[in-house]
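# Results of the structural survey
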Amino acid sequence: MSEVRVIATPSLESRRRAFILAEDRIGHYPEFRTFFADIFDLDRVGLHEPGYLAAPSGTEYALVFIGRSGEPFPAGVEIYALVPALEPLDEQAVDRDLWAILRWMLRGVGGVWTLADLDAAGRLFRIPAAMG
């Protein structure tokens, strides 16, 4: 698999959610909130269920959207890898997947948010997934 894609709710049998990342202010730029609301139909679904993605490594991820009183929804997002219950997390694969998810997100957000800028920032901070 080479791309990130939205998937239906996967089976969670014999799997665990491994916390990967939290972004508690995705509404800092409204374009990001709009992107997630549109992709995961959050105006209808709300807090009822996470959104799910399949990433290039084949790992599936749950995006749990956070609501806060007085703020537009979603206010934040937590990302969890869905992994076999007792297996260790492949951190290098997760790093590559997160980079792919960021690129997928920026392609969807568009506007002033460019992949070239993300890649430049990744190289500047020496993020391994951005170096290849």
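One can find the structure itself at the top, above this paragraph.
Residues numbered from 1 in each chain as written. Predicted model: local features only at pLDDT ≥ 70, side-chain atom pairs only at ≥ 80, totals over all residues. Heavy atoms only, no water.

## Here's the deal with the side chain of aspartate 119
So the rule is basically this: For helices the rule is a DSSP run of H or I covering at least 4 residues; for strands it is a run of E covering at least 2, with both sets numbered from the N terminus onward. When checking whether two residues touch, look at their non-hydrogen atoms; a contact exists if any pair is within 4.5 Å.
Note that aspartate 119 resides in helix α4 (residues 115-124). If we ignore the near neighbours within four places in the chain, the residues touching aspartate 119 are Trp99 and Arg103.

## Some thoughts on the packing of helix α1 (residues 30-39) against helix α3 (residues 91-109)
Selection rule: As a rule, the C-alpha atoms of each element are fitted with a line to give its axis, helices using only the stretch in contact, and angles between N-to-C directions run from 0 to 180 degrees. When describing relative orientation, an angle under 35 degrees is termed roughly parallel and one over 145 degrees roughly antiparallel, while 65 to 115 degrees is termed roughly perpendicular and anything else oblique. Each residue is assigned to one of three groups, with Ala, Val, Leu, Ile, Met, Phe, Trp, Tyr, Cys and Pro labelled nonpolar, Asp, Glu, Lys and Arg labelled charged, and all others, Gly among them, labelled polar.
Remark: α1 packs on α3, axes separated minimally by 9 Å, with the N-to-C direction vectors making an angle of 100 degrees. Relative to α3, α1 is oriented roughly perpendicular. Packed against α1, whose contacting residues are Glu31, Phe32, Phe35, Phe36 and Ile39, the element α3 presents Trp104, Met105, Leu106, Gly108 and Val109 at the interface. Partitioning the contact of α1 with α3 into residue classes produces 8 nonpolar, 1 polar and 1 charged.

## Focus: the nonpolar core
We count it as follows: Nine residue types can take part in a nonpolar core, namely buried Ala, Val, Leu, Ile, Met, Phe, Trp, Tyr and Cys, and a core is a set of them joined through side-chain atoms within 4.5 Å. Only protein chains enter the calculation, and the probe is 1.4 Å; a residue is then buried if its accessible area is under 20% of its type maximum, exposed if over 50%, and partly exposed in between.
Judged by nonpolar contacts, the single largest core of 30 residues is most densely connected at Phe36, Phe40, Tyr61, Leu63 and Trp104. Counting only elements with at least two residues in this core, the list comes to β2 (15-23), α1, β4 (60-66), β5 (76-84) and α3. For this core, the element with the highest residue contribution is α3, accounting for 9 residues. Phenylalanine 40 has contacts with Val6, Val45, Gly51, Tyr52, Leu53, Leu63, Phe65 and Trp104, leaving out every residue within four places of it along the chain.

## Considerations on the pairing of β4
Threshold: DSSP bridges decide pairing: two strands pair if at least two such bridges lie between them.
Note that strand β3 (residues 51-54) and β4 share 4 bridges and pair antiparallel. Among the inter-strand pairings, tyrosine 52 is bridged to a residue of β4, identified as alanine 62. Between β3 and β4, which pair antiparallel in sequence order, lie 5 residues; one of them, glycine 58, sits at a positive phi of approximately 100 degrees. Bridging between β4 and β5 involves 7 bridges; their strand directions are antiparallel. Within β5, the residue paired with valine 64 across the bridge is glutamate 78.

## Remarks on the sheet that holds β3
The strands making up a sheet associate through backbone hydrogen bonding, with each pair oriented either parallel or antiparallel. Reading across the sheet, the 5 strands line up as β1-β3-β4-β5-β2 and stay open at both edges, with antiparallel pairing between neighbours. Of all strands in the sheet, those bounded by a partner on one side alone are β1 (5-7) and β2. Direction aside, the axes of adjacent strands within the sheet are offset by 35 degrees on average.

## Focus on the packing of aromatic side chains
Our working rule: Paired rings are identified among Phe, Tyr and Trp, the last through its six-membered ring, by centres lying within 6.5 Å, and are further divided according to the angle between planes into stacked (under 30 degrees), edge-to-face (over 60) and tilted (the rest).
Per the counting criterion, the structure on display carries 8 aromatic pairs. Ring centres of phenylalanine 19 and tyrosine 80 lie 5.6 Å apart, and the angle between their planes is 70 degrees; this geometry places the pair in the edge-to-face category. Of the two residues, phenylalanine 19 is situated in strand β2 and tyrosine 80 in strand β5; the sequence distance between them amounts to 61 residues. Note on tyrosine 80: relative accessible area 17%, which makes it buried. With a centroid separation of 5.1 Å and 70 degrees between ring planes, the pair formed by phenylalanine 35 and tryptophan 104 is classed as edge-to-face. With a gap of 69 residues between them, phenylalanine 35 in helix α1 and tryptophan 104 in helix α3 connect regions that are remote in the sequence. Judged by its relative accessible area of 12%, tryptophan 104 is buried. Every member of this aromatic cluster is reached through a ring pair, and the members are Phe35, Phe36, Phe40, Phe65 and Trp104.

So, to be careful, I would describe these as geometric facts and stop short of saying anything about function.
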